Amino acid sequence: MDNFEFHKPTSIDDAIKAVDGKDEPKFLAGGQSLIPVMKLDMAQPSDLVSLAGVATLKEIKEDGDTLVIGAMATHATVAESDAVTKAIPSIASMAGHIGDAQVRNRGTIGGSVAHADPAADYPAALVALNATVKTHKREIAAEDFFTELFETALEEGELITAIHFKKPKRSWYEKFQSPASKYAIAGVCVAEYDDGVRVAITGAGNKVFRHAGMEKALSGNFDPSALDGVDVDAGELRTDVEASAEYRAHLVKVMAKRAVKNAR
Ligand SMILES: Cc1cc2nc3c(=O)[nH]c(=O)nc-3n(C[C@H](O)[C@H](O)[C@H](O)COP(=O)(O)OP(=O)(O)OC[C@H]3O[C@@H](n4cnc5c(N)ncnc54)[C@H](O)[C@@H]3O)c2cc1C
């Protein structure tokens, strides 16, 4: 790990000032991904800007038909939040199944989506629940946010301030998790809205993606049986040490059916 300047601002404005004009600045949330990446010298930030002192980034609130979760809300806070459980219970349940208690107490929603791990849970929730990523300077639709493996639409020095989720009629997330890390080998989030159903899949490909065939079938009949005739193409999925593409294709369908069955 190389030397870096450490900053601990207490406002969004000061956090932005701290990265402005720096060589290679990085925001630090819970450090669950960034610190290991730095220890491996895969990131060598010139400046590390801790967001821990910016209280406004931790807020969770309902705003009409939108649930707003601040970027620095930890997974544990989201899992235990009455506001989240009431507005979109699938998000509270999903957050409660991320990693272990230590990871949930340090890891944040902003850090998770900025890191864009292809096996992370939140990306599926963001895409299925038609979320918007708010930064200090713009709004990015979740579908445009996750661009490639570990890549997002964020620009250098751009700070995620909150995620805005559209409340669905019902939704749920199910994953088949790695027994070691609890990351998704395949995870599926379904969300039913007045104008149709959205289905987002994580863990199975190089980034989160929607499944048009499942969405069409479920928009006609929101029942697990509607997925019987839908094909999941293994050709688009990943093979790695944890699972083959064919096995992932099977898991995606099983997880999708479970998510539909449990949706609330
Ligand atoms: C053992 C282990 C198990 C895990 N299991 C799971 C799991 O089952 N499911 C799952 O989804 N995840 C899992 N994770 C990931 C975890 O949930 C964290 O959310 C993730 O590692 C990001 O960590 P963090 O929030 O501490 O962000 P950091 O590590 O601090 O930051 C990660 C990246 O995001 C950037 N960043 C952070 N905040 C912002 C912001 N507000 N704006 C812009 N950029 C920002 C940082 O600069 C950095 O590039 C696991 C992690 C570990 C270590």
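Just so it is clear, the model here is predicted, and its values are computed rather than measured.

What counts and how
- Residues numbered from 1 in each chain as written.
- Predicted model: local features only at pLDDT ≥ 70, side-chain atom pairs only at ≥ 80, totals over all residues.
- Helix = DSSP H or I, 4+ residues; strand = E, 2+ residues; numbered from the N terminus.
- Rg over C-alpha atoms; globule rule 2.2 N^0.38 Å.
- Buried ≥ 20, exposed ≤ 12 C-beta atoms within 10 Å, placed from the backbone.
- Contact = placed C-beta atoms within 7 Å.
- Domains from an automatic or database assignment.
- Nonpolar A, V, L, I, M, F, W, Y, C, P; charged D, E, K, R; others polar.

Asker: What exactly am I supposed to notice about the overall build of the protein chain here?
Answerer: When helices and strands are tallied, the protein chain shows eleven helices and 14 strands. Relative to its length of 264 residues, the protein chain is compact, with a C-alpha radius of gyration of 18 Å against a globular reference of 18 Å. Seen along its three principal axes, the alpha-carbon backbone of the protein chain occupies a region of about 55 × 45 × 30 Å. When burial is assessed residue by residue, the protein chain has 42% of its 264 residues classed as buried. Sequence-distant contacts, at least 24 apart, represent 60% of the contacts inside the protein chain between residues at least 6 apart.

Asker: How should the domain arrangement of the protein chain be read in this particular structure?
Answerer: By convention, interface size is frequently given as the accessible area that disappears when the constituent parts associate. Segmentation of the protein chain into domains returns domain 1 (5–166) and domain 2 (170–262). For domain 1 and domain 2, the distance between their C-alpha centroids amounts to 23 Å. The interface is formed by 22 residues belonging to domain 1 together with 24 residues belonging to domain 2. Here the side of domain 1 that touches domain 2 gets five residues from one element, more than from any other, and that element is helix 8 (residues 122–128). Among the residues making up the side of domain 1 that touches domain 2, the classes are represented as 14 nonpolar, five polar and three charged.

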